[in-house]
Amino acid sequence: MTAWGHHARAAAKTDVIVIGAGLAGLNAALHLQDGGAHVTVLEASNRVGGRIHSRRDLEGAPEGGARQVHDSYTRTQARIKQLGVGLYKRPTPMHGTAVNIGGAAINLKDWPSSVSNKLVGEERGFPPNTLRFRVLTKINPLPDLTAWRKPEFQKYDVAFKPLAASLGVSAEALRIMEFAATSMGLDGVSALHLFRRHKQSEAAEFGSTARYIQGGSSALPEAMAVALRNDVHFGKRVRAMTSGLAKVEARCADGSVYSADFALCTVPFPALAGVTFDPAPRGGIGRAIRELSAVHATHIHLISRAPFWESDGFPPTMFTDSPLEMVSKLFDEPGHDTPALMVELRGRGCSRFDAMSDAERGQAITSELAKLRPASKGKVDYLGADSWAVNPLFKGGYHYFKPGQVTAFGAAMFEPWGRVHFSGEHLAETGVGLEAAMESGEREARAILQKS
Ligand SMILES: Cc1cc2nc3c(=O)[nH]c(=O)nc-3n(C[C@H](O)[C@H](O)[C@H](O)COP(=O)(O)OP(=O)(O)OC[C@H]3O[C@@H](n4cnc5c(N)ncnc54)[C@H](O)[C@@H]3O)c2cc1C
């Protein structure tokens, strides 16, 4: 007996094409399979996982995308358990965090009284690396995770920066909040979107001890693909979709054509602009596909050949208002001790490094680090980078709404277009990150099975 009970038999003859083998696509495919559907997964690249990508080609196998699994991720954790994938907690960071605002490194504990701290009033006590969260905790009017789409809160679908300023957030706080967070530019993002993200972060208990997947994050989508009866079809970049009265058709860049009763498209909307639909989606869903944007996100992988932090006395992990934004010393799987560092860039700060060749980026990053931490000079090697915004299959790291967009299409974007359903990180009601992908995949699999 499947979770779908009486739908299982009715769905036995239903053919479904799932486009994209990220977490949303794979989770949907497994639910569809459990419900009795025949599932064909089409993936443009040559790997599963999408925005999960353990870079096993690089020393220490750093994560190009998602790393952390939170306790509140019930669907993700259930799937991990079901498939026998290992999950572990890393030890509490031993080194703490350094702050480098305005040039000089200090220890986080010294921030409230530092001359670099130009925040005002209560804000002075907020650590810069959690400033955005602390400020939003003060001003977020949303009572719960589902309130973001309710009519009474649509008045917050306006540019965040002026709204926050009118609520008493200082200019310096708004400046620091633009680093290493959702820094798409706080003018260009809907306050309602940030309020929603904040509620999601609270629910996900960000800041509590996260868990990590044994063998790297990619081990989860790989185990999900193994659990599918039909192999994922790689190198199948869908370029056109036709939704007819009885069938849906997907045409791939290599000329192959797949036909089915339904399609579930998990391509991030910003990347979906390269796919043509017949008939063309109109109304809210059409606007969402054309207009939804994604925050740029870049991970730059470094390795430290010697612990330079031991000679300058500051922790290797640091929050900065420099071009490096956030530098994290990674913990390694038990039994390994590779002093890997990751530079995590978000938003506008990505563009400069995304435009460089590997050689230029390596040179630029290590010399920026040496400016902040002279002791690192000659001790740090560049390994590689993952720039999600420049990859046409993603066009960014995470979706966000510009001012007015939640009101314009925040509800309509959840609707199917004919026989094509949509899911993915951008289409979760309540979940965030990996859990958002899992939630939306499950929901749309259920919707398709109900129609079968
Ligand atoms: C840098 C970074 C760090 C992150 N860290 C975390 C974290 O620590 N914890 C967390 O919970 N979340 C994190 N996330 C978010 C998480 O990775 C995503 O929410 C989740 O993986 C999205 O899954 P998805 O299936 O919706 O989309 P994707 O993973 O993007 O899957 C979409 C798939 O569609 C494929 N595709 C695209 N176009 C086509 C086409 N035309 N035809 C066929 N296939 C196509 C893509 O190749 C891809 O495989 C992070 C994201 C980024 C970018």
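Cut-offs and rules
- Residues numbered from 1 in each chain as written.
- Predicted model: local features only at pLDDT ≥ 70, side-chain atom pairs only at ≥ 80, totals over all residues.
- Heavy atoms only, no water.
- Near = heavy atom within 4 Å.
- Polar contact = N/O pair within 3.5 Å; in protein donor to acceptor, adjacent residues only side chain to side chain.
- Areas by Shrake-Rupley, 256 points an atom, 1.4 Å probe, with all protein chains shown as cover.
- Helix = DSSP H or I, 4+ residues; strand = E, 2+ residues; numbered from the N terminus.
- Nonpolar A, V, L, I, M, F, W, Y, C, P; charged D, E, K, R; others polar.
- Pairing = 2+ DSSP bridges.
- Axes fitted to C-alpha atoms, helices over the stretch in contact; angles between N-to-C directions.
- Domains from an automatic or database assignment.
- Buried area = accessible area lost by both parts, 1.4 Å probe.
- Salt bridge = Lys/Arg side-chain N within 4 Å of Asp/Glu carboxyl O.
- Buried < 20%, exposed > 50% of the residue type's maximum accessible area, 1.4 Å probe, protein only.
- Contact = heavy atoms within 4.5 Å.

A.B. asks: I tried to follow the site of the ligand on my own but got confused; where do I start?
C.D. replies: In the vicinity of the ligand there are 36 residues, among which Glu43, Arg51, Gln68, Tyr73 and Glu425 approach most closely. Between the ligand and Arg51 there is a distance of 2.7 Å, counted from an oxygen atom to a side-chain nitrogen or oxygen. Within the backbone of Arg67, one N or O atom sits 3.0 Å away from an oxygen atom of the ligand. Surface burial for the ligand is 96%, taken as the share of its 1,000 Å² of free accessible area covered by protein chains. The biggest single contributor to the shell around the ligand is helix H15 (residues 433–451), with 3 residues. Class assignment for the residues of the shell around the ligand results in 17 nonpolar, 12 polar and 7 charged.

A.B. asks: Sorry, what's going on with the sheet that holds strand S9 (residues 257–260) here?
C.D. replies: Sheet strands associate in pairs through backbone hydrogen bonding, adopting either a parallel or an antiparallel arrangement. Taken in spatial order, the 4 strands make up an open sheet running S9-S8-S7-S11, and their pairing is mixed. In this open sheet, the two edge strands, each paired with only one partner strand, are S9 and strand S11 (276–278). The mean inter-strand angle of the sheet, taken between neighbouring strand axes irrespective of direction, is 15 degrees. Sheet analysis places strand S7 (residues 238–243) next to strand S8 (residues 248–252), joined by 5 bridges and oriented antiparallel.

A.B. asks: What am I meant to see in the domain arrangement of the protein chain here?
C.D. replies: A common way to report how large an interface is uses the accessible area buried once the components associate. Taken domain by domain, the protein chain consists of domain 1 (7–51 + 216–292 + 406–451) and domain 2 (126–204). A separation of 30 Å is found between the C-alpha centroids of domain 1 and domain 2. Summing the contributions of domain 1 and of domain 2, the shared interface buries around 990 Å²; its carbon and sulfur component is 49%. Broken down residue by residue, the surface that domain 1 buries against domain 2 is led by Val406, Thr430 and Val432, which jointly contribute 51%. Here domain 1 is connected to domain 2 by 2 salt bridges. With its nearest N and O atoms 3.9 Å apart, the salt bridge here joins Arg197 to Glu425. Residue composition of the side of domain 1 that touches domain 2, grouped by class: 5 nonpolar, 4 polar and 2 charged.

A.B. asks: Even after reading the chapter, I still don't get the sheet that holds strand S19 (residues 420–422), so can you show me in this structure?
C.D. replies: The strand order across the open sheet formed by 4 strands is S2-S1-S10-S19, and the pairing between neighbours is parallel. Edge strands, defined here as strands with exactly one partner in the open sheet, are strand S2 (38–42) and S19. Mean inter-strand twist for the sheet, computed between neighbouring axes without regard to direction, equals 20 degrees. Relative to S19, strand S10 (residues 262–265) runs parallel, the two sharing 3 bridges. Paired with Leu264 across the two strands is His421, which belongs to S19.

A.B. asks: Looking at this model, I keep getting lost on the pattern of salt bridges. Mind explaining?
C.D. replies: Think of it this way: side chains of opposite charge can pair up when their charged atoms draw near. Taken as a whole and judged by the stated rule, the model has 30 salt bridges. In this structure, the salt-bridge partner of Glu344 is Arg67, at a minimum N-O distance of 3.7 Å. Residue Glu344 is located in strand S16 (residues 340–346), and its partner Arg67 is located in the loop between S2 and helix H3 (74–82); the two are separated by 277 residues in the primary sequence. Residue Glu344 shares its accessibility class with Arg67, and that shared class is buried. Between Arg446 and Glu442 there is a salt bridge, with its nearest N and O atoms 3.3 Å apart. Taken as a pair, Arg446 and Glu442 lie in helix H15 at a separation of 4 residues, close to a single helical turn. Given a relative accessible area of 16%, Glu442 falls into the buried group. When salt bridges that share partners are traced, they join Arg75, Glu435, Glu442 and Arg446 into one network.

A.B. asks: Would you take a moment to explain the environment of Met224 for this structure?
C.D. replies: Within the fold, Met224 resides in helix H8 (residues 219–226). Among the residues examined, Met224 registers a relative accessible area of 0% and is labelled buried. Through-space distance from the C-alpha of Met224 to that of Gly103 is 46 Å; in sequence the pair is 121 residues apart. Look past the residues within four positions of Met224 in its chain and what remains in contact with it is Leu23, Leu26, Asn27, Leu30, Arg79, Leu83 and Met438.

A.B. asks: Would you mind going over unusual backbone geometry with me for this structure?
C.D. replies: Residue Pro279 is reached from Asp278 by a cis peptide bond, and omega for that bond is -5 degrees. Positive phi values are uncommon outside glycine, yet Glu325 reaches one of about 55 degrees. Relative to the helices and strands, Glu325 resides in the loop between strand S14 (318–320) and strand S15 (326–329).

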